[in-house]
Amino acid sequence: MSRYGPRIAALARRAERERAAFDAAETGSDGDPSPARPTSPDDDAGYLRAGAGQAIWLYIEARTGGRLVPFSDAEFDALETAMNRWLECYTRCHGVALEAEFSVREAAELLLETRNIVDTAQLLTCVPARRARQQPTQ
């Protein structure tokens, strides 16, 4: 286990709890498919900043700074799964059911490029859809 093992385990547990709570709120306690608490695009930032962003940043932290920290296969899978669970919650806030299977490395590269977790999530998931730029009129 790497020195990041406990943090990865905590992120993975929290991601699974939040995804399960999201699913329960979305379907209601009686299994009815109508949401018990409707979600909105305004709810998405929490899943990104406190969730997916934390998982991605842990990966960046472990891969930079002069010393490459090796993850065990289980740690790497747990970290990637946690990030993907939060991205799934993010897309569902926008009414899109997505089975996320993104690599944490790809997400880290995008985060370093954009410096913004919301932009990173949008580029990975294509949710919400990007609007075409309007050409200036002359």
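Going by the structure above, here's the rest.
Predicted model only: the values in this text are computed from it and were never measured.

Quick notes on the rules
Residues numbered from 1 in each chain as written. Predicted model: local features only at pLDDT ≥ 70, side-chain atom pairs only at ≥ 80, totals over all residues. Heavy atoms only, no water. Phe/Tyr/Trp six-rings, centres within 6.5 Å; stacked < 30°, edge-to-face > 60°. Helix = DSSP H or I, 4+ residues; strand = E, 2+ residues; numbered from the N terminus. Buried < 20%, exposed > 50% of the residue type's maximum accessible area, 1.4 Å probe, protein only. Lys, Arg positive; Asp, Glu negative; His and termini not counted. Salt bridge = Lys/Arg side-chain N within 4 Å of Asp/Glu carboxyl O. Contact = heavy atoms within 4.5 Å.

**Looking at the packing of aromatic side chains**
(1) Moving on: Counted according to the given criterion, the structure contains four aromatic pairs.
(2) Moving on: On the numbers, 6.3 Å between centres and 70° between planes, the contact of Tyr4 with Phe71 is edge-to-face. Of this pair, Tyr4 sits in the segment before helix 1 (5–27) while Phe71 sits in the loop between helix 2 (44–63) and helix 3 (73–93), placing them 67 residues apart in sequence. An identical accessibility class is assigned to Tyr4 and Phe71; each is buried.

**Some points on the side chain of Asp44**
(1) Moving on: For Asp44, the location among the structural elements is in helix 2.
(2) Moving on: Buried within the structure, Asp44 lacks any salt-bridge partner; Arg49 is the closest side chain of opposite charge, at an N-O distance of 6.4 Å.
(3) Moving on: Leave out the neighbours within four places in its chain, and Asp44 touches Tyr90, Cys93 and His94.

**What about the pattern of salt bridges?**
(1) Moving on: Within the structure shown, the criterion is met by eight salt bridges.
(2) Moving on: Between Arg7 and Glu61 there is a salt bridge, with the nearest N and O atoms lying 3.1 Å from each other. With Arg7 in helix 1 and Glu61 in helix 2, the pair connects residues that are 54 residues apart, well separated along the chain.
(3) Moving on: With relative accessibility at 30%, the residue Glu61 sits in the partly exposed group.
(4) Moving on: In this structure, Arg19 engages Asp23 in a salt bridge whose closest nitrogen and oxygen atoms are separated by 3.1 Å. Placement of both Arg19 and Asp23 in helix 1 is noted, with a separation of four residues, approximately one turn of the helix.
(5) Moving on: It is possible to trace a salt-bridge network through shared partners that takes in Glu16, Arg19, Asp23, Arg85, Glu88 and Arg92.

**Structural notes on unusual backbone geometry**
(1) Moving on: Residue Pro128 follows Val127 across a cis peptide bond; omega there is -10°.
(2) Moving on: Looking at where Pro128 falls in the secondary structure, it is placed in the segment after helix 5 (117–125).
(3) Moving on: Even without being glycine, Arg115 reaches a positive phi, approximately 60°.
(4) Moving on: Relative to the assigned elements, Arg115 resides in the loop between helix 4 (104–114) and helix 5.

Function cannot be inferred from these measures alone, as they are strictly geometric.
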